[in-house]
Amino acid sequence: MLSLFTTVMLQNPKDLRLQACLIILFVCSLLTGLLVAVAEVFPGTLLPEHLGLSREGARMAFLAASTVTAVVASYVLIMGRSLLSLHRIQAQELSTAEQRFRSLFSQSPDAVFGFDKDGYYTSLNPVAQAIVGLGESDLGVTHYRDVLTDEAMDEAGFARFDKGFRNAAAGRTQTFEVGFVNQHGERRDYECAFLPIVVDAGVEGVFAIVKDVTKRLQAQENQRILQRSLESSDNAVVVVDIRSTNLPVVFVNPAFSQMTGYHESEVIGAPVKLLTGPETDAEDLARIRQAAKAGQPVSLTLKSYRRDGTPFWNQVSLAPVRDEQQQVTHVAAIMNDISEKKEQERRLAYQATHDVLTGLANRALFEDRLAHDFALAKRHQQQLAVLFIDLDEFKPINDTLGHKIGDELLISVAQRLTAAIRPTDTLARLGGDEFVLLLPDLGSSHEAEEVAERILGELSQPHLLGGHELYISASIGISTLCKDLERPEKLLQQADMAMYKAKKQGRDTYEIYSRDLDKKLARRVNLRNELQEAMTSGQLNLHYQPLVDRSGSFCGLEALVRWNHPRKGLIAPAEFIPVAEETGQIVHLGKWVTRQACRDAQKLVARGMLAGRMAVNLSPLQFHRPGFLSTLRSILEETGLPARYLELELTESILMKDSDGAIGILNALNDMGIAAAIDDFGTGFSSFSYLRHLPVDKIKIDRSFVSNVVTNDKDAAVCKGVITLAREMDLTVVAEGIENADQFEYLRDYGCEVFQGYHFARPMPIGQLLEWVEKTAGDRSGK
Ligand SMILES: Nc1nc2c(ncn2[C@@H]2O[C@H](COP(=O)(O)O[C@H]3[C@@H](O)[C@H](n4cnc5c(=O)[nH]c(N)nc54)O[C@@H]3COP(=O)(O)O)[C@@H](O)[C@H]2O)c(=O)[nH]1
């Protein structure tokens, strides 16, 4: 019992009530024990009478006292034992709590600093030690001021720390963020919570829980930068959550609102499909869905819709956004309204495929459609036709009434042609007054003829333009698909050939392509290649035809080119000159003729044998070519022929084209001393009025009038008229194609001054010419 008392007393030194209780009990039990002992050892000494009790009462009292003592002793014993075990439990709990607290302190991922009220470190957990580099030895001796030096923390940071500490020490919890350069020299950001350490209602120190928030702040900073960038971006950005089936929008930037008209509050949470509409390509949407599913980026242009329902071309780049488990959770889309660019592209594409004046397809588009319809017709064994439509006499209208009326006429023609065809047909303008029509899926080739007739009928109706009532016609060439035709462009060539035939047949008609035409074309193509070789291998030479005056004396020469083909023999210029003109070879050929003619003329001059001038024929392409005059100058210089011996023969068509430009060139020729003559006069659209503006010296009456002058009154009238006109205008008039004496005398009687024709001499090589000149000069002088 004593030992129990001692243990309880020692283990609860501070529990005064327990101790007092125990002492009273101890004393009571001692007294009881003493009484029992006295009564036993000295029987009779302690008599009940002494206590005023009867013997039975005393026995009862004794028994009661003994019982009470025993009960109390048992109780005390039990209580003591309980208290002892309670004490053990409490001690155990205290130890556990302290360990828990220790764990919290030492295992905390955040730094925990303990300070006394003055700011000296009292405890540091491992994280705290790692930050400031302090240890056990610093506790109680190192102040936070020693650690938070100017190098480690800026002034504002320190002020926040210091204030926070003082407030916490005054019992107020504080939180703030501060930057600090740790013991490794790294500047980190920390979030500090200062908590007063309150013991028995008094603050005895401060705990600081310090969390490294560098990464979080960095992430916040990045987020802020990103947010700002997105806000200030010109590109619309929209982010969609793809985890929800209705694909809600979770973010849009201001550019998105500007582009689509949707306010942020209207779209956040709304399904992204609100940007689509009836013309949004379903395939594009499927591509987007597929890419999002596969976590692939995708870029495409799709038709999207603004809030007001207007569509726009949206060039959109979509990128998947993944979470930390690499699962695609969102899709970020950068949108660009490229409607303007698309419109520009459309305009350019339109311009590249259409004729600006009439709005019809151009050659490129026609060829494209031709290739397409050709392949279809071949596959399905359908009939197909191409119509080549060339307006008759369009050029004179353009030249005389001006380009504005000419353009209006072309537009009117385009409208009439469009009205005469089916929507599935393709009508194109190739340029100038040339139109082509593609008729796919025909029942028979006769249908193409019906269309041609309808077109001729439509075009023949008067066109009322700018106060003029214009009547025009067209020549149409038709080609149709045949089995062995392999290339679609062949159809166009064939229709072109047939059109030429229609022209030759008197215009205002149509002609169907036949193989016979093809042969002619092949011959032309051949001729063209051979002519190229002829020019370089000396197959060309010049013949000269003399001109005579009224007395029959030699008074000039005309140079005429001849082609002596090694296999085909002599090829007439009427055959190859048009080919050379078509291909542009005439420029090279004309230069050669002029140079050779000047060279031979100079030989004649040197021998005193050239009477009058050497005339050289010019083609329109040569005359209007830049550098024409300088080429002439260099030929004269090279050959040494004085300019006064050279004459150029031009046709009326040369002078009609760009008459102002032609007059300028003629004046320049005049200044150089070179004469000009109008060849084939009367065959073109001779307007006598233009003649007075032309600085020409000579006109040559065309052979077609001369040949019948004796027998045909009308031809005679033309010849007379031209001779009179020439005389009035002080021009020399030449009658060409004189084949007999009657013609010569007839025209001489009308007053013609110069003559040319087989009657006097045929064109001949230079050697023969020299003989001819000598001979005629001898004949005249009577030798
Ligand atoms: N641009 C160039 N054109 C040229 C050149 N050389 C000739 N030509 C032109 O070719 C056409 C045909 O010429 P050609 O076959 O030489 O015929 C000329 C004469 O031979 C022919 N002529 C002359 N007199 C008579 C005759 O009495 N009867 C008859 N049936 N024919 C005759 O006339 C042609 C000359 O005509 P022209 O030039 O109009 O004076 C012809 O258009 C040539 O111009 C060349 O180098 N460049």
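Just above, that's the structure.
So, how was this worked out
Numbering of residues starts from 1 in every chain and runs along the sequence as written. The model is predicted, so local features are restricted to residues of pLDDT at least 70 and side-chain atom pairs to those at 80 or more, both for listing and for counting; the totals for chains, interfaces and linings are taken over all residues. Hydrogens and water are ignored here; the side-chain numbers use all heavy atoms of the structure. A pair of strands is labelled paired if DSSP reports no fewer than 2 bridges between them. Going along the chain from the N terminus, every DSSP run of H or I of four or more residues is numbered as a helix, and every run of E of two or more is numbered as a strand. Each axis is a line fitted through C-alpha atoms, and for a helix only the stretch in contact is used; angles between axes span 0 to 180 degrees, taken between their N-to-C directions. Contacts are assigned to residue pairs that have any heavy atoms within 4.5 Å of one another. Buriedness of a pocket was judged along seven lines, with at least five required to meet protein on both sides within 12 Å; pockets are open sets of points on a 1 Å grid over the protein atoms alone, cavities are sets where a 1.4 Å probe fits but cannot get out, and lining residues have an atom within 4 Å of a point. Grid points are joined across faces, edges and corners, and a volume is the space filled by probe spheres set on the points. Boundary definitions for the domains trace back to an automatic or database domain assignment. Put simply, angles under 35 degrees are roughly parallel, angles over 145 are roughly antiparallel, angles from 65 to 115 are roughly perpendicular, and the rest are oblique. Residue polarity follows a fixed list, in which Ala, Val, Leu, Ile, Met, Phe, Trp, Tyr, Cys and Pro are nonpolar, Asp, Glu, Lys and Arg are charged, and the others, Gly among them, are polar.

Chemist: Requested: an account of the sheet that holds strand 10 (residues 328-337), with residues and values cited.
Modeler: Spatially, the five strands line up as an open sheet ordered 7-6-10-9-8, and their pairing is antiparallel. In this open sheet, the two strands that pair with only one neighbour each are strand 7 (249-252) and strand 8 (298-305). Each strand of the sheet is rotated relative to its neighbour by a mean of 30 degrees, with strand direction disregarded. Where strand 9 (residues 311-322) meets strand 10, nine bridges bridge the pair, whose relative direction is antiparallel. Within the sheet, the bridge partner assigned to Val 316 lies in strand 10 and is Met 335. Packed on one face of the sheet, helix 10 (residues 282-294) meets strand 8, strand 9 and strand 10 and runs near 135 degrees to strand 8. On the sheet, helix 11 (residues 339-353) packs against strand 8, strand 9 and strand 10 and is oriented at approximately 125 degrees with respect to strand 9.

Chemist: Help me get a handle on the layout of surface pockets, residues and values and all.
Modeler: Of the pockets and cavities examined, the second largest pocket occupies roughly 910 Å³. Mapped onto the lining of the second largest pocket, the elements with two or more residues apiece are helix 16 (488-504), helix 17 (515-536) and helix 18 (573-583). Looking at the lining of the second largest pocket element by element, the count peaks at nine residues for helix 17. When residues of the lining of the second largest pocket are sorted by domain, at least three fall in each of domain 5 (353-523) and domain 6 (538-779).

Chemist: Kindly report on the packing of helix 16 against helix 17, identifying the contributing residues and their values.
Modeler: For the pair helix 16 and helix 17, interaxial distance at closest approach is 10 Å and the crossing angle is 95 degrees. Here helix 16 is positioned roughly perpendicular relative to helix 17, judged by the angle of their axes. Across from Lys 490, Met 497, Ala 498 and Lys 501 in helix 16, the residues of helix 17 making contact are Leu 517, Asp 518 and Leu 521. Looking at the contact of helix 16 with helix 17 residue by residue, the classes come out as four nonpolar, no polar and three charged.

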